[in-house]
Amino acid sequence: MTSPPDLTLVRLVPAVVLAVVLLIVLVRGAVLAGRYLRAGRRLRPVLRRAWRIRWTWRRIARRVGLVQIERSRPPWWSNHPPGTVITRELVPSIRTAAEPWGVRVDVSTLGRLGVDELTAAAPHLADAWRVPLIRVAQVRPGLVRLRALLHDPLIQPTTWTEPAEPAAGLEVWTAGVDADAEPVTIRSSGVSGIVVAGLAGYGKTSFLNARFCQLAPSAAVQFVLIDGKGGPDYDDLFTRAWLHAKDDPRRVRDHLAKVRDLMVARQRSIRAVLGVKNVWHVGPSAAWPLVLVVIDEAHTFLNETKGNDADSKRLDALARETARLVEELIRKGRNVGIQVVLATQKATGDAIPTKIRDNCQVAVSFAQRTSEAATAVLGSDITNAPDEHPRRLQDPAYVGVASMVAEGRPGFTLVRTPYVPDAVADAIARQTAHLVRDPLTLLPAGEVTVDVASR
Ligand SMILES: Nc1ncnc2c1ncn2[C@@H]1O[C@H](COP(=O)(O)OP(=O)(O)OP(=O)(O)O)[C@@H](O)[C@H]1O
Ligand SMILES: [Mg+2]
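Residues numbered from 1 in each chain as written. Chains lettered and ligands numbered in written order. Predicted model: local features only at pLDDT ≥ 70, side-chain atom pairs only at ≥ 80, totals over all residues. Heavy atoms only, no water.

- The chain has the name FtsK domain-containing protein in an unreviewed UniProt entry, where Actinoplanes siamensis is given as its organism.

In structure tokens:
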């Protein structure tokens, strides 16, 4: 004999289920409210947008065609008549996250709904979500990332901030952020020549200052700073430089000749001192520092001077000698840790000799007025990249934005570079001035001989 079930307990089940559901809703609500309160004023609108995207996803996905219809037979235990076909609407599942620039939506691919279908639907999703732009990228098989941008990071100026690890910048150059606010780096290891070009006032010097600020705190870097403009731009940075000069062509030639002597001495001694043929295999160090030669307004020293008077001839001879030295440093300095950065308004052959420019492994272009100027610095491939073309950047909103070939990315990338206030760069130069060494004195005695014949 079995006893009948306790009816009071059975009656309690719906109440218990309701209480559990209510508790889950309350806890979830409290978590969301806490997240909302903790978010700053800037992030709250993004959080609201992210929630709306998640809560309306199934409906919006159906409306923009991101739905897959599946036909199947009902399971044998269902009470559908035999032979019935049932259809189900499947929508890809998503996860959302609020980022400073907008909402990140990770979509799991489903059947035939992948990156191509999401790319095609992106303009409609942008309308539905009321965002100006959605970028689509396949993160890994099965996962596509949509970036619903509320703010275009390219037109939002950023200011340079000190990185947590100063030495991390030796192998890579942290250039700024891309249109998705993702960090962009350019290669520095194994690089001996970099060209930075762009119209006057679009951020070349600030870009070089950012690199200076990244590298100055490292004892494994020595600077040669040359400012062809001759103004006050670099005055305070000179305190952190091994060699420095303004628009004095003779002094510049002498400094470059000294760097060449260093290069020759390093070539002779690298195997004995480092045990390798390429310093980048072990990385620059305080004893064998990377020598960064920055030549701002480089065309000042490389332009040929026409004229038959004695002064023109003297200047022309100096320019040719300087060009020869720069060309040699870029061609041979890579393995011994010598890197030359040339900044100029125009990188056409009349400003920078092509045999110098074309040997530079890295090129960066701020706004340019003509296709010819853009092609001169970035190469002819830039004509196939209209979205990243430097001519597009001729707008004050794009001061500080440059087109470049970034590490690990195909084609060209537009990068918002950080602005470096003069006071910040000056303070870093002062605080790190004690790190200045003459790299020639760091080499073993007897290796340093001045090659007068080559001058
Ligand atoms: N990354 C940046 N973000 C925002 N504003 C910037 C940025 N870089 C530069 N600027 C602004 O543009 C001005 C000019 O910048 P900068 O001196 O670096 O230009 P430049 O390209 O070196 O010009 P020039 O060819 O005349 O030397 C700066 O004083 C600053 O106000
Ligand atoms: Mg400048």
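### A few points about the UniProt feature "transmembrane region" (unreviewed entry) in the chain
- If you check UniProt for "transmembrane region" (unreviewed entry), the listed places come out as residues 12–34 in our numbering.
- As a span, residues 12–34 carries 100% helix and 0% strand, and end to end its C-alpha atoms are 33 Å apart. (UniProt positions renumbered as here; feature names shortened; annotations may be inferred. Helix = DSSP H or I, 4+ residues; strand = E, 2+ residues; numbered from the N terminus.)

### A few points about the side chain of Arg 357
- By the secondary structure assignment, Arg 357 is in helix H9 (residues 354–357).
- There is a polar contact of 2.9 Å between the side chain of Arg 357 and the backbone oxygen of Ala 347.
- Excluding residues that lie within four positions of it along the chain, Arg 357 makes contacts with Val 195, Ala 347, Thr 348, Gly 349, Ile 352 and Ala 376. (Polar contact = N/O pair within 3.5 Å; in protein donor to acceptor, adjacent residues only side chain to side chain. Contact = heavy atoms within 4.5 Å.)

### Comments concerning the domain arrangement of the chain
- Domain parsing of the chain yields domain 1 (48–151) and domain 2 (159–454).
- For domain 1 and domain 2, the distance between their C-alpha centroids amounts to 47 Å.
- Each partner contributes to the interface: domain 1 provides four residues, whereas domain 2 provides four residues.
- Taken together, both faces of the contact between domain 1 and domain 2 bury some 380 Å²; the carbon and sulfur share is 49%.
- Looking at the side of domain 1 facing domain 2, the largest losses of area belong to Trp 101, Arg 135 and Arg 147, adding up to 86% of the total buried there.
- Summed over the shared surface of domain 1 and domain 2, the result is one salt bridge.
- With a shortest N-O distance of 3.7 Å, Arg 147 and Glu 182 are connected by a salt bridge.
- Counting every contact that joins domain 1 to domain 2 gives zero residue pairs in polar contact (both at pLDDT 80 or more).
- For the side of domain 1 that touches domain 2, a count of residues per class yields two nonpolar, no polar and two charged. (Domains from an automatic or database assignment. Buried area = accessible area lost by both parts, 1.4 Å probe. Salt bridge = Lys/Arg side-chain N within 4 Å of Asp/Glu carboxyl O. Nonpolar A, V, L, I, M, F, W, Y, C, P; charged D, E, K, R; others polar.)

### Side note on the pairing of strand E13 (residues 338–344)
- Extensive coverage of E13 is indicated by the burial of seven of its seven residues.
- Alternating residues of E13 divide into Ile 338, Val 340, Leu 342 and Thr 344 and Gln 339, Val 341 and Ala 343, and every residue in both groups is buried.
- The sheet contact formed by strand E9 (residues 193–197) and E13 spans five bridges and is parallel. Across the sheet, residue Gly 193 finds its bridge partner in E13, namely Val 340.
- Direction of pairing for strand E12 (residues 290–296) relative to E13: parallel, over a ladder of five bridges. Residue Val 291 lies in a different strand from E13, and its bridge partner there is Ile 338. (Buried < 20%, exposed > 50% of the residue type's maximum accessible area, 1.4 Å probe, protein only. Pairing = 2+ DSSP bridges.)

### A closer look at the packing of helix H6 (residues 249–274) against helix H8 (residues 310–332)
- Remark: H6 packs on H8, axes separated minimally by 10 Å, with the N-to-C direction vectors making an angle of 30 degrees. Accordingly, the angle class assigned to the pair H6 and H8 is roughly parallel. Crossing handedness for the pair H6 and H8: left-handed. In this structure, H6 contributes Pro 249, Arg 250, Val 252, Arg 253, Leu 256, Ala 257, Val 259, Arg 260, Met 263 and Gln 267 to the contact, and H8 contributes Arg 314, Leu 315, Leu 318, Glu 321, Thr 322, Leu 325, Val 326, Glu 328, Leu 329 and Lys 332.
- A breakdown of the residues in the contact of H6 with H8 according to their chemical character gives 11 nonpolar, two polar and seven charged. (Axes fitted to C-alpha atoms, helices over the stretch in contact; angles between N-to-C directions. Parallel < 35°, antiparallel > 145°, perpendicular 65-115°, else oblique. Left-handed = near helix turned anticlockwise from the far one by under 90°.)

### Looking at the site of ligand 1
- Around ligand 1, a shell composed of 17 residues is seen, among which Gly 201, Lys 204, Thr 205, Ser 206 and Lys 229 lie nearest.
- Contact distances for ligand 1 include 2.7 Å between an oxygen atom and a side-chain N or O atom of Lys 229.
- A distance of 2.9 Å is found between a nitrogen atom of ligand 1 and a backbone nitrogen or oxygen belonging to Thr 417.
- Judged by the proximity of its atoms to the pocket grid, ligand 1 belongs to the second largest pocket.
- Take the shell around ligand 1: its biggest share by element is three residues, from helix H5 (residues 204–215).
- Class assignment for the residues of the shell around ligand 1 results in six nonpolar, seven polar and four charged. (Near = heavy atom within 4 Å. 1 Å grid on protein atoms, 1.4 Å probe; cavity = no way out; pocket = protein on both sides within 12 Å on 5 of 7 lines; lining within 4 Å. Sits in = over half its atoms within 2 Å of the grid points.)

### Quick notes on the sheet that holds strand E4 (residues 102–108)
- If you trace the four strands from one edge of the open sheet to the other, you get E3-E4-E6-E5, paired in antiparallel fashion. Edge positions in the sheet fall to strand E3 (94–99) and strand E5 (133–140), since each has one partner strand and no second. Within this sheet the neighbouring strands show an average axis-to-axis angle of 20 degrees, counted without direction.
- Note: E3 against E4, six bridges, orientation antiparallel. Of the residues in E4, the one forming a bridge with Ile 94 is Val 107.
- The strands that helix H2 (residues 43–55) touches are E3 and E4; relative to E3, the one it contacts most, it runs at about 170 degrees.
- Relative to the sheet, helix H4 (residues 115–129) contacts E4, E5 and strand E6 (143–149), its axis offset from that of E5 by approximately 150 degrees.

### Re the UniProt feature "domain: FtsK" (unreviewed entry) in the chain
- The UniProt feature table records "domain: FtsK" (unreviewed entry) at residues 181–375.
- Taken end to end, residues 181–375 has its terminal C-alpha atoms 26 Å apart, with 38% of it in helix and 21% in strand.

### Here's the deal with the packing of H5 against helix H11 (residues 422–432)
- Contact pair H5 / H11: the axes reach a minimum separation of 10 Å and the direction vectors enclose 35 degrees. H11 is crossed by H5, and the crossing has left-handed handedness. Two secondary-structure elements touch here, H5 through Asn 209, Phe 212 and Cys 213 and H11 through Asp 422, Ala 425, Ile 428 and Ala 429.

### Digging into the pattern of salt bridges
- Enumeration over the complete set of coordinates arrives at 16 salt bridges.
- The closest approach of N and O atoms between Arg 145 and Asp 106, which form a salt bridge, is 2.7 Å. Residue Arg 145 is found in strand E6, and its partner Asp 106 is found in strand E4; the two are separated by 39 residues along the sequence. We note that Arg 145, like Asp 106, is buried.
- Two residues, Glu 328 and Arg 260, come together in a salt bridge whose shortest N-O distance is 2.9 Å. Linking Glu 328 in helix H8 with Arg 260 in helix H6, this pair joins segments that are 68 residues apart in sequence.
- In this structure Glu 328 comes out as buried when scored by relative accessible area, which is 12%.
- By relative accessible area, which is 10% here, Arg 260 ends up buried.
- Ionic contacts of the salt-bridge type, sharing partners, join the residues Glu 99, Arg 104, Asp 106 and Arg 145 into one network.

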